[in-house]
Amino acid sequence: MSVVRNILSSWRRPRAVVRQLLAIGKREDRALAYVMGACIIIFVSQWPALAREAHLTGQDVQQLISYSLLGWVFVWPLLFYGIGAISHLIAKVIGGKGSFYGARVALFWALLASTPAALLYGLLNGFVGQDAGTQLVGAVWLVGFGFIWLSGLREAESGEHDV
């Protein structure tokens, strides 16, 4: 399936999507593409809010965007690799039979699949600010990410995959 169809399907059937992704085999290049794509999209989603902050506070918008770029494109992907490893170790303690790769794919895919909500949150945060609607969309983003990640991790740790 295409990435867009997989993203849409992940909001309804995340285990099935992760099962398909793991059936492809161990492809670290794809996992890296998922996490980098997600981090770049989240970075772009922050532009409206950063522009709003720069306008309201008089800060330099380029400086704010540069700091955000550094964090989202260079630091967060490394942290997500660590979070993926920790999630696998925790799953292993409670009976998981998967691999580090499967845990990474579940996490990285959840990040990528939740980016449509991140984009909407970024737009609302930039144009409206932190009101109740923006916070609701942020909560939907967080809950959606958690649902997709935990469902995908459950599938990855089921032990039915050879990766």
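Our subject in this report is the structure included herewith. Everything numeric here is computed off the predicted structure, so don't read it as measured data. Sequence order sets the numbering: in each chain, residues are counted from 1 along the sequence as written. Note on the predicted model: pLDDT of at least 70 is required for a residue's local features to be given, and 80 or more for side-chain atom pairs to be given and counted; whole-chain, interface and lining totals, by contrast, use all residues. Hydrogens are left out, water is left out, and the side-chain values use all remaining heavy atoms of the structure.

### Observations regarding the packing of helix 4 (residues 47–57) against helix 5 (residues 61–93)
- Think of each axis as a best-fit line through the C-alpha atoms, taken over the contacting stretch in the case of a helix, with angles from 0 to 180 degrees between the N-to-C directions. By the criteria applied, helices consist of DSSP H or I runs no shorter than four residues and strands consist of E runs no shorter than two, each listed in order from the N terminus. Their axes nearest at 9 Å, the elements helix 4 and helix 5 cross at an angle of 140°. In terms of axis orientation, helix 4 runs oblique to helix 5. For the element pair helix 4 and helix 5, the recorded crossing hand is right-handed. When helix 4 is examined against helix 5, the residues Trp 47, Leu 50, Ala 51, Glu 53 and Ala 54 are found in contact with a partner set consisting of Val 61, Leu 64, Ile 65 and Ser 68. An angle counts as roughly parallel when it lies under 35 degrees, as roughly antiparallel when it exceeds 145, as roughly perpendicular when it falls between 65 and 115, and as oblique in every other case. Crossing chirality is assigned from the near helix's rotation relative to the far helix, an anticlockwise turn below a right angle marking it left-handed and a clockwise turn marking it right-handed. Here a residue-residue contact requires only that any non-hydrogen atoms of the pair lie within 4.5 Å.

### As for the pattern of salt bridges
- Any Lys or Arg side-chain nitrogen located within 4 Å of an Asp or Glu carboxyl oxygen qualifies as a salt bridge. Summed over the entire model, instances satisfying the criterion amount to four salt bridges.
- Of the charged contacts in the structure, one is a salt bridge between Glu 155 and Arg 15, with a shortest N-O distance of 3.0 Å. Here the residue Glu 155 occupies a position in helix 8 (residues 132–156), and Arg 15 occupies one in helix 2 (residues 14–23), the gap between them amounting to 140 residues.
- Accessibility expressed as a relative area gives 1% for Glu 155, which makes it buried.
- By sharing partners, the salt bridges in this structure join Arg 15, Arg 19 and Glu 155 into a single network. Buried residues are those whose accessible area, probed at 1.4 Å on protein chains only, stays under 20% of the maximum for their type, while exposed residues exceed 50% and partly exposed ones sit between those limits.

Structural measurements only, silent on function.
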